[in-house]
Amino acid sequence: MNKYSRPDWTEYFLDIARAVGRRSTCFRRRYGAIIVKDRIIVSTGYNGAPRGEDNCIDTGICERERQHVPKGQRYELCVAVHAEQNAIIAADPVKMKGAVIYIVGCNEDGTLASGKPCLLCRRMICNAMIDKAVYLEADGSVVEADPRKIY
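Since we're looking at a predicted model, the values are computed, not measured. (Residues numbered from 1 in each chain as written. Predicted model: local features only at pLDDT ≥ 70, side-chain atom pairs only at ≥ 80, totals over all residues. Heavy atoms only, no water.)

**Examining the packing of aromatic side chains**
If you walk through the whole model with that rule in mind, you get four aromatic pairs. With a centroid separation of 5.7 Å and an interplanar angle of 25°, the aromatic rings of W9 and F13 are classed as stacked. In this pair, W9 and F13 are both assigned in helix α1 (residues 9-21), four residues apart and thus about one turn of the helix distant. Owing to a relative accessible area of 38%, W9 belongs among the partly exposed residues under this scheme. Three or more aromatic residues joined by ring pairs form one cluster here, namely W9, Y12, F13 and Y102. (Phe/Tyr/Trp six-rings, centres within 6.5 Å; stacked < 30°, edge-to-face > 60°. Helix = DSSP H or I, 4+ residues; strand = E, 2+ residues; numbered from the N terminus. Buried < 20%, exposed > 50% of the residue type's maximum accessible area, 1.4 Å probe, protein only.)

**Regarding the UniProt feature "domain: CMP/dCMP-type deaminase" (unreviewed entry) in the protein chain**
In this numbering, the UniProt entry assigns the feature "domain: CMP/dCMP-type deaminase" (unreviewed entry) to residues 8-151. Annotated as 29% helix and 24% strand, the span residues 8-151 places its first and last C-alpha atoms 27 Å apart. (UniProt positions renumbered as here; feature names shortened; annotations may be inferred.)

**Section: the environment of N107**
The topology assignment puts N107 in strand β3 (residues 100-107). Judged by relative accessible area, which is 21%, N107 ranks as partly exposed. C-alpha of N107 to C-alpha of G52: the two residues are 55 residues apart in sequence and 25 Å apart in space. With residues up to four places along the chain from it excluded, the contact list for N107 reads R28, R29, L112 and A113. (Contact = heavy atoms within 4.5 Å.)

**Here we look at unusual backbone geometry**
Even without glycine at this site, R39 takes up a positive phi of about 65°. By secondary structure assignment, the location of R39 is in the loop between β1 (29-37) and β2 (40-46). Here the phi dihedral of R74 falls at roughly 55°; this positive angle occurs in a residue that is not glycine. Along the chain, the position of R74 falls in the loop between α3 (63-66) and α4 (83-90). Given the relative accessible area of 41%, R74 is considered partly exposed.

**Digging into the pattern of salt bridges**
Tallied over the entire structure, the rule returns four salt bridges. Across the pair E144 and K132 runs a salt bridge, and its minimum N-O distance is 3.2 Å. With a gap of twelve residues between them, E144 in strand β6 (residues 142-145) and K132 in strand β5 (residues 132-136) connect regions that are remote in the sequence. In this structure E144 comes out as partly exposed when scored by relative accessible area, which is 45%. The exposure class of K132 is partly exposed, given its relative accessible area of 30%. A salt bridge links R148 to D146, with the nearest nitrogen and oxygen atoms 3.4 Å apart. (Salt bridge = Lys/Arg side-chain N within 4 Å of Asp/Glu carboxyl O.)

**Structural notes on the side chain of Q85**
Positionally, Q85 belongs in helix α4. A distance of 3.0 Å separates the side chain of Q85 from the backbone nitrogen of H82, its partner in a polar contact. (Polar contact = N/O pair within 3.5 Å; in protein donor to acceptor, adjacent residues only side chain to side chain.)

Shown next, in the form of structure tokens:
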């Protein structure tokens, strides 16, 4: 018996997505996403302000937090680009076709948040021709889904 255990590919890529999320600039939640094709990382992304704009962690202001907006509502108030969106923006469109996107979210206290893509991200994932979304739920369970069927 081998005393060393290796993570399977899903666990491996979810671990990397969680590490990418540590770069997030959001007060409320840190999300990381990676796009993988043929077990090769195509792109990574985390949630944060658009390039050249001030980050919430630098300004000390989160408009959604200031207004006590619940999760999943009033996204237009947030300055951040979602992790999935940043990963798609940074990727070669040809390499995304048939790929898998892995998503992990963490709350400010370090507990898991659902990595389920919001409806806008789901549409972007579909439009990028990514075949599968794999994400961690808040309870730690792994969900593998066809992005066209995530609602």
